[in-house]
Structure formats: C-alpha cells, structure tokens
Amino acid sequence: MGSIFTAGLFRQMLRSATPVALAALGGSMTEHAGIMNIGMDGMILIGAFTAVAVSIATGSAFLGTLAAILVGILLGLFFALFVVKFKSDEFIIGTALNIFAGGLTTFLLWAIFDVRGTVRTTVGLPTVDLGIIGKIPFLGQIISGNSLFIYLTVALVFIMWAFVYRTPVGFWIRAAGEHPGTLRTAGISPEKMKWLSSVICGAFCGLAGAQLALGNVTMFSEGMSNSRGYVAFACVIFGGANPQKAYLAALMFGFFDALGYRLQEYHISANLTSMIPYVITVCMMVYVVVRSNRRKPVTA
C-alpha cells in the first residue's frame, strides 16, 4: 500500500482534478440559473484545441490560454442563444455541441496541421516553485512545482463561492433559476442572468481545456476531453452547485483517476483501471438520486 499511496499519486490527483474542477465551477453558474449544461465536454475539447493551436502559432502559452477563454465565451453565447433566446431543449443543444466539438477538432487537426490523432506544442503553462514549502517532506512534493492553474483553481473556488453567495449578481443568478418571476418583479431580467451564467460557464470550460492541453500535457489529441465535461456536470450535481463541494467531488474523481494510472504499474489492464473514475462518478449520481428520493415528503 505504501508503494501505491505516494506523493506522486496525490500530485497526479491534483493534475487530473483541475480541468474537471474548473469546468464544474462554470457548470455551477448555469445550474444555479436553472440551465442543465451538458455541453461542457465539447467546450473543454474546443478550448483545448484552441489553446494548443494558438500556442503553436504564437509561441505563447498565455495567448493560447486567453484564446481558449475567448472561444469558451463564444460557445457560451452560442449555447445561450438557443437555450435562452430560442427556448430550445438544453439537453439536445448540449449533446449537439459535444458531437460538433468532436467532429470540428478532428477536422481542424487534419486541415491545419495535416496530422491525425495528436499534435504537440513546445510551450506549456508555467509551474510554480513554492520555495521552502516544497522542502516539507511528502506534502511539499505534492503541492510544489505544479502548474500555475492548479493553484489558481483553489483561489477561484473561494472567489466563485463569494460571488454566488455574497454578491447581488450571484443572488440574481440563483433567483433566475429558483424564482424567475420574483426576480422579474424586482425589475431584473432572468434571461440576462441566464446569458451571464452561460458566458461564465463557457469561460471556465475554455480555461479547463487550456489546463488540460497546456498544463497537464503539452499537446492536443482527438477526444482528449474524455468525458470530463460529463464528470464535471456530475460534480456540480453531487455538490449541489456549491463551488467548494464541487471542487471536493472533482478531487475525488482525480484521486481515482490517478489511482488507475498507478495500478497499471502492477500489470493491471489499462482498460480496467480507466473505468475506475467513471464508475465512481456513476456511484456519485446514484447517491444523489437516492438521497433526493429519501428527502421527498411521503404523501398519503
């Protein structure tokens, strides 16, 4: 057991959890606004491709990340256009966005780089050396020397919690999902809050894609989001759209994802170990359903 639960395992946990956590922070906004956004997986995938493509063109990971965020915002506007403006079914639009993202990135990978499968970049997001903290046995090996966005994500969890529960705009977003009629009576458009939440979600998913492609690795490969958007949505539901609880759920996914990689070193099939985090995600959703059914009042 000591050879499995090492500092490297928990370091990989942070790497695996961060893209999911970033997307979950965005998904919490749309969930509060009363929108079920399952299109996050496509947003992450397009964000990852954009980050790599722009970083290759400019030689800058910062510009690649900025481009991924901007593309994420555009996707958020696209999603809101159909869901909020045209009143389309959010499940259908989200599914269509995910399918579109897979086809678009595969086509652009071939059209721009003339490759199939994977394209690599020479730049990545900077890592942060925490100095003396990194010298702390075990703990220092886990938290020091990681990608900048791993630390930024922790800060964003508390920032978004304060935004949702301690600011008027956060209150309006929650009211848009829970009591839109009351919000409209107060002179504030619920639709505008839904647009805003969708844009925020898109920006976070673009950031998640940038971290996945330039922070965890320095490449883009077809389908590299690998259903992380769906996992992020499960984290949102499991955490009740609370940013802190959603982050803890993402850490749980990251832990089992990292555990799967570690078990492969003991000649356990990769096909089996890769199932572990997704099985845990399904268990999370089953728990949510069972818990909600138990809380329902019994009627005669």
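What you see is a predicted model; the values in this text were computed from it and never measured.

**Overview of the pattern of salt bridges**
No. 1: Applying the stated rule across the entire model yields one salt bridge.
No. 2: Residues Glu191 and Arg184 are paired through a salt bridge, measuring 2.7 Å at the closest nitrogen-oxygen approach.
No. 3: What makes Glu191 partly exposed here is its relative accessible area of 25%.
No. 4: Overall, Arg184 belongs to the partly exposed group, its relative accessible area being 44%.

**Here we look at the side chain of Asp257**
No. 1: Here Asp257 is to be found in helix α11 (residues 243-264).
No. 2: Salt bridges are absent for the buried Asp257, whose nearest opposite-charge side chain, Arg228, sits at 4.4 Å.
No. 3: Within the structure, Asp257 has its side chain in polar contact with the side chain of Ser16 (distance 2.9 Å).

**A closer look at the side chain of Lys194**
No. 1: Note on placement: Lys194 falls in helix α9 (residues 190-216).
No. 2: No salt bridge is formed by the buried Lys194; the nearest opposite charge belongs to Glu191, separated by 7.2 Å.
No. 3: Among the polar contacts listed, one links the side chain of Lys194 to the backbone oxygen of Ala33, at a separation of 2.6 Å.

**What about the packing of aromatic side chains?**
No. 1: Within the structure shown, the criterion is met by 11 aromatic pairs.
No. 2: With centroids separated by 6.2 Å and ring planes inclined at 70°, the aromatic side chains of Phe10 and Phe138 adopt a geometry described as edge-to-face. Within this pair, whereas Phe10 is found in helix α1 (residues 7-32), its partner Phe138 is found in the loop between β2 (127-128) and α5 (139-143), the two being separated by 128 residues in sequence.
No. 3: Ring plane angle 70° and centroid distance 5.9 Å describe the contact between Phe253 and Tyr278, whose orientation is recorded as edge-to-face.

**Considering the nonpolar core**
No. 1: The biggest cluster of nonpolar side chains holds 75 residues, and the ones touching the most others in it are Leu14, Val20, Phe204, Cys205, Phe220, Met224 and Cys235.
No. 2: Broken down by secondary-structure element, the contributors of at least two residues to this core are α1, α2 (40-58), α3 (61-85), α4 (90-113), α6 (148-166), α9, α10 (228-238) and α11.
No. 3: For this core, the leading source of residues is α1, giving 12 residues.
No. 4: The residues contacting Val20, other than those within four sequence positions of it, are Arg228, Val231, Ala232, Cys235, Ala250 and Phe253.
No. 5: Among the nonpolar cores identified, the runner-up in size contains seven residues, and Ala175, Ala176, Ile188 and Met193 belong to it.

**Considerations on the packing of α1 against α11**
No. 1: Running from N to C, α1 and α11 cross one another at 140°; their axes reach a closest spacing of 6 Å. For the element pair α1 / α11, the angle class is oblique. The element α1 and its partner α11 pack so that their crossing is right-handed.
No. 2: The class makeup of the residues in the contact of α1 with α11 is 19 nonpolar, five polar and two charged.

**Things to note about a nonpolar patch on the surface**
No. 1: Together, Tyr266, Ile268, Leu272, Met275 and Val279 make up a nonpolar patch on the protein surface, roughly 440 Å² of accessible area in all.
No. 2: Among the structural elements, Val279 can be located in helix α13 (residues 276-295).

**Quick notes on the packing of α6 against α11**
No. 1: Here α6 crosses α11 at 150°, and the two axes come no closer than 8 Å. Overall, the two elements α6 and α11 adopt an arrangement that is roughly antiparallel. Residues Thr153, Val154, Val157, Phe158, Met160, Trp161 and Tyr165 of α6 form the contact with α11, whose own contacting residues are Pro243, Gln244 and Tyr247.
No. 2: Classifying every residue of the contact of α6 with α11 gives eight nonpolar, two polar and no charged.

**Some details on the confidence of the model for the protein chain**
No. 1: Across the protein chain, pLDDT averages 91, with 97% of residues at or above 70.
No. 2: No element of the protein chain has a lower mean pLDDT than helix α12 (residues 270-273), at 77, and none a higher one than α2, at 97.

Reading the values: rules and limits
- Residues numbered from 1 in each chain as written.
- Predicted model: local features only at pLDDT ≥ 70, side-chain atom pairs only at ≥ 80, totals over all residues.
- Heavy atoms only, no water.
- Salt bridge = Lys/Arg side-chain N within 4 Å of Asp/Glu carboxyl O.
- Buried < 20%, exposed > 50% of the residue type's maximum accessible area, 1.4 Å probe, protein only.
- Helix = DSSP H or I, 4+ residues; strand = E, 2+ residues; numbered from the N terminus.
- Lys, Arg positive; Asp, Glu negative; His and termini not counted.
- Polar contact = N/O pair within 3.5 Å; in protein donor to acceptor, adjacent residues only side chain to side chain.
- Phe/Tyr/Trp six-rings, centres within 6.5 Å; stacked < 30°, edge-to-face > 60°.
- Core = buried A, V, L, I, M, F, W, Y, C linked by side-chain atoms within 4.5 Å.
- Contact = heavy atoms within 4.5 Å.
- Axes fitted to C-alpha atoms, helices over the stretch in contact; angles between N-to-C directions.
- Parallel < 35°, antiparallel > 145°, perpendicular 65-115°, else oblique.
- Left-handed = near helix turned anticlockwise from the far one by under 90°.
- Nonpolar A, V, L, I, M, F, W, Y, C, P; charged D, E, K, R; others polar.
- Patch = residues over 30% accessible without salt bridge, like charges linked within 9 Å, V, L, I, M, F, W, Y side chains within 5 Å.
- Areas by Shrake-Rupley, 256 points an atom, 1.4 Å probe, with all protein chains shown as cover.
- pLDDT = per-residue confidence, 0-100.

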